[in-house]
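# Commentary on secondary and tertiary structure
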Amino acid sequence: MTAKERRAYKKENKQKKREKKDRNRQFAFVTYSFVAVFLCLIGYLVYFNVVRADEVVRSPYNARQDNYAKYITRGTIYDRNMEVLAETVKAEDGSEARVYPYGDLYSHVVGYNVHGKAGLESTLNFDLLTSNAFILDKIKADFADEKQPGDSAVTTLDTSLQQAAYNALGSFNGAVVAIEPSTGKILAWVSKPSFDPNQVSAQWEGLNSDENSVLINRVSNGSYAPGSTFKLVTTLEYMRENPDTYGNYTYDCSGVIDYNGVSIACYNNTAHGHEDLGNSVAYSCNTSFSNIGLSLNQDRFQKTAEELLFEKKLPGGFGNTVSHTGITAAASDGDKMMTAMGQGKVQVSPYHMALITAAIANGGELMTPYLLDYTQNNGGSVVEKKMPKSYGALMTAAEASQLKEYMKQVVDYGTASNLGRGGYDVAGKTGTAEYSDEMEKNHSWFVGFSNMDNPDLVVSVVIEKSDGAGRATDVAGAVFDQYYNQ
Amino acid sequence: MSHLIVEISKYVIIILMAVYTYSCFAVFSTWDPDSKRDMLRNQNVLMFLLHLISFLILFMQKDFDVQIAGLYGLQVVLLATTILAYTKLYPKVSRVVLNNMCMLLTVGFIMLTRLEYELAFKQFIFAAIGIGISLVVPIIIKKLKVLSELRYIYGGVGIVSLLAVLLLAKASGGALLGFTFGGFSIQPSEFIKILLVFFVASSFKYSLSFKNIVFTTAVAALHVLILVYSTDLGAGLILFVVYLTMLYVATKQPLYLLAGGVAGAGASVLGFKLFSHVKVRVQAWQDPFANYDYGGYQVAQSLFAIATGGWLGVGLMQGEPEKIPVAESDFIFSAICEELGLIFGICLILICISVYIMFLNIAMELKGMFYRLVALGLGTVYIFQVFVMIGGVTKFIPSTGVTLPLVSYGGSSLLSTLIMFAIIQGLYILREEEENEQRKKKLRREAGSRKAGRRAGNSGNDRQRAKGL
């Protein structure tokens, strides 16, 4: 081949390559596009497995978790002081039984592990059936054909507080929840009537058809008219609609208000006389709040209520019943007056009221409540520690601070003046909610917190059908006393 | 003790799969023909090892059922025969495509045997018949030059059979999908995909005039509309994307791609508003847990499986894939991820991508509009179906109920995919032989012109083998 021939050959080759590239430009584009789409898909799968999988696995719909029980011994649930709340005990014949040493005390919050599970037994199911045992322990168990030891859960619950709340409720039906507002740790969670989780299997039929709905977790799933505790929401809305003048609000209470044919009276028809906004809260003056309610913009009221988590799933993941205000654009004057004082169609859970109170106590910022402090393996090494997490601000710091002041007055000289005598200060709001025509029996409410300057503990209490003998303030007082005197 | 064995085997299976997957891509960048041949041979070793270990676990965990051992033997014979038959009958066959075809079948065999022996046995029969049929396909491609002229037949048969299904077939699982006779149900939509690709390729080969483009688009759109109306959304979506891709490549006109995209988006919105079954799918996709009782159930179960499996899986026979609805076909990827792990799952996706890249490579090397478009179209059918399937079960896109080619259970799906692979093999062989002819001619010409009798055999053969992926 001469030099000339070689050059011509090279040129021809180059030309061919270029032609081929031109011919295949679209093919290359299609190929790259599909490969790019698949890279996105793989990226998504990695993201799913790293970020989302944990939450998906824990879904209560995931019946797959129980499969683990074949290979793993269910872990123990402890309170914050390592008191056993639930453990799996192996009998001599090798059969396993779940034992709840405190019986009724923790019935709803710890729950049970049969009949579809409830409480922590349900939400922590995945953790309790996961084994992070030391690898040699695992291999040893495998060789011996034994189950792997599951991880244990150490909760934020405090048995002494739980016991105090449980005892204080006595024979009444109702609910108590106590939360540390600065962290969101839940220290006590009582719902009554209670049941013995050791007996759930044996008594299932009776429990399930119980006329008092004993299985309902009243803390998160009880729906009650909030009564005067809702006045905190009304007050906040009034402050928002009148940011410069709410301090100048005055009202003359004669014990009863008549407006367009609707008549609303104060508790026991007491005339509170000339009062400002703070006193209206402190005395829980129905007529004054009816007056306020009539002035409120219902759309904005609803918006504020939604910012306080009405009509929403609540943080914490306890499967709460959603709270409603019942506010509509077509609200009559009577509806407006009733809503403002927490009657009418307003429905909340004690847990929800605890969250609103916790936000007020914590400068407007709500810390997501949680029950699981950390999980540990069979050797006691921490597997995963849960850190306090902010849910976000429900109101501004200034609004929270003002509401705190008003709540302090409720205890200082208002409707909860029987509280705060144990060497600690308390702020709160009482409530008495009519729930039916049975006028002499009402639901008794209290929400509040201790230690104004740096709130330690939020307590939310509801007592069903209180006849005056069982007062929510007394129950809250018992919990606070236990907290400071233990 | 048995738990320990399963645990260890889990890691071994993942490593075998990962090495296999790596070689699928490494083979593209290897130019030394000897090491390439070794690599392809090693792929078979890896595949048979993975098959063996998985079946040992299944055998052990299924109480040493002899049926399992028997089925294993049959599968080994089938896989080995497939590799031998293809390589002996067609020495120019693409080994990458052949190996991956067998690997995907193997993964399907393992998972189906794990799920239900009966299904796995039936799948084995389908596979044996399908491979038998597919072996003659390359000859047909080579001999029947008239294939590129039959556009009216492709289009006509496609539309008529889709209409027939719509009119005659009974509703199965919400979608009107197929005929049943003699205990076997046939899903024409699986084969329609191939027919449509042939129709479009032959039509564009005939003419690229605007008039003919409009005609072709109308026929393709009719296919898609009938499928959407039959509630077979997955097949409709696949045909739509395949047609758009072929149109773009044939006309080299990006504007068509844009217009098609806009039209597709508009049609999706319209479909969402018009058809309740589309709406349910979309809602189930947005939040399967909130809509658990209204169509979200399937995707939720699928996500539970994948999430529970994690990176490494829970091990063969240790999970509960039977909880996933239609785990054997539409949701087999989730079942695989649960027990064999997401790493294995991602490897599986990568293998599918390597098959697709090989398909498109073949398309690019081909001469003649018809063959190029057929290879492109079938490659797109394949990869887009993989995407719709895996994207659907992982909640990346709304789930539309399509199968994972060669892995999912189902005779129609398996047979149509085997035929697709064989058609592309046929095109590849055609190209290899054409090239060989040309090279020979050229050599003869050169030899004749220069008279110097330099033997060019060796170097020529090597170059050719290097291309013989």
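Note that the structure is predicted; figures quoted are calculated from it, not measured.

A few words now on the overall build of chain A. Tallying secondary structure elements over chain A gives 17 helices and 19 strands in all. In terms of overall size, chain A is more extended than a compact globule, its C-alpha atoms giving a radius of gyration of 30 Å where 486 residues would be expected to give roughly 23 Å. Dimensions of chain A along its principal axes, counting C-alpha atoms only, are 120 × 70 × 40 Å. Residues classed as buried in chain A amount to 49% of the 486 residues present. Taking all contacts inside chain A whose residues are at least 6 apart in sequence as the whole, residues at least 24 apart take part in 66%.

A word on the packing of helix H7 (residues 188-206) of chain B against helix H8 (residues 210-229) of chain B. In a pair of packed helices, the angle between the axes and the distance between the axes together describe the arrangement. Residue and element names in this part refer to chain B. At a minimum axis distance of 10 Å, the contact between H7 and H8 shows a crossing angle of 170 degrees. Here H7 lies roughly antiparallel to H8, going by the angle between them. In contact with Ser 189, Ile 192, Leu 196, Phe 199, Val 200, Ser 203, Phe 204 and Tyr 206 of H7, H8 contributes Asn 212, Thr 216, Val 219, Ala 220, His 223 and Leu 227.

With that settled, the discussion passes to the pairing of strand E6 (residues 152-155) of chain A. Residues and elements named next belong to chain A. Of the two faces of E6, both are covered, the one formed by Ser 152 and Val 154 as well as the one formed by Ala 153 and Thr 155. Bridge analysis of strand E2 (residues 77-78) against E6 gives two bridges, and the strand direction is parallel. Across the sheet, Ile 77 pairs through a bridge with Ala 153, a residue of E6. With four bridges connecting them, E6 and strand E14 (residues 372-376) associate as antiparallel partners.

Our next topic: the nonpolar core. Ranked by size, the top nonpolar core spans 147 residues in total, and within it Phe359(B), Val374(B), Ala375(B), Leu378(B) and Ile424(B) carry the most contacts. Excluding residues that lie within four positions of it along the chain, Ile424(B) makes contacts with Val97(B), Phe359(B), Ile362(B), Ala375(B) and Leu378(B). Membership of the second largest hydrophobic core comes to 116 residues, among which are Tyr78(A), Ala175(A), Ile356(A) and Ala433(A).

This part is about the pairing of strand E19 (residues 458-466) of chain A. Residue and element names in this part refer to chain A. Counting buried positions along E19 yields eight of nine residues, so the element is predominantly enclosed. Both strand E18 (residues 442-450) and E19 contribute to a ladder of seven bridges, which runs antiparallel. Bridge pairing links Phe 449 to Val 458 in E19.

Take the interface of chain B and chain A next. In this complex, chain B contributes 35 residues to the contact, which on the side of chain A involves 29 residues. The element best represented in the side of chain B that touches chain A is helix H14 (residues 342-365) of chain B, accounting for nine residues. Looking at the side of chain B that touches chain A residue by residue, the classes come out as 25 nonpolar, seven polar and three charged.

All names here are of chain B. Mean pLDDT over chain B works out to 88, with 91% of the residues at or above the 70 mark. The least confident element of chain B is helix H17 (residues 457-467), whose mean pLDDT is 46; the most confident is helix H4 (residues 95-115), at 96. Here residues 455-468 is a poorly scored stretch, pLDDT under 50, and it has nine contacts once near neighbours within four places are set aside; other chains count. In the predicted complex, the global pTM is 0.77; the interface-specific ipTM is 0.90.

In this section: the sheet that holds strand E7 (residues 174-179) of chain A. Residue and element names in this part refer to chain A. One open sheet accounts for five strands, arranged E8-E7-E19-E18-E17; its pairing is antiparallel. With one partner strand each, in any of the chains shown, strand E8 (186-192) and strand E17 (426-433) form the two edges of the open sheet. Across the sheet, the mean angle from the axis of one strand to that of its neighbour is 10 degrees, orientation sign disregarded. Bridge count between E7 and E8: six bridges; the pairing is antiparallel. When the bridges of E8 are listed, Ala 175 appears paired with Ser 191.

How each quantity is defined
Residues numbered from 1 in each chain as written. Chains lettered and ligands numbered in written order. Predicted model: local features only at pLDDT ≥ 70, side-chain atom pairs only at ≥ 80, totals over all residues. Helix = DSSP H or I, 4+ residues; strand = E, 2+ residues; numbered from the N terminus. Rg over C-alpha atoms; globule rule 2.2 N^0.38 Å. Buried ≥ 20, exposed ≤ 12 C-beta atoms within 10 Å, placed from the backbone. Contact = placed C-beta atoms within 7 Å. Axes fitted to C-alpha atoms, helices over the stretch in contact; angles between N-to-C directions. Parallel < 35°, antiparallel > 145°, perpendicular 65-115°, else oblique. Pairing = 2+ DSSP bridges. Core = buried A, V, L, I, M, F, W, Y, C linked by C-beta atoms within 7 Å. Nonpolar A, V, L, I, M, F, W, Y, C, P; charged D, E, K, R; others polar. pLDDT = per-residue confidence, 0-100.

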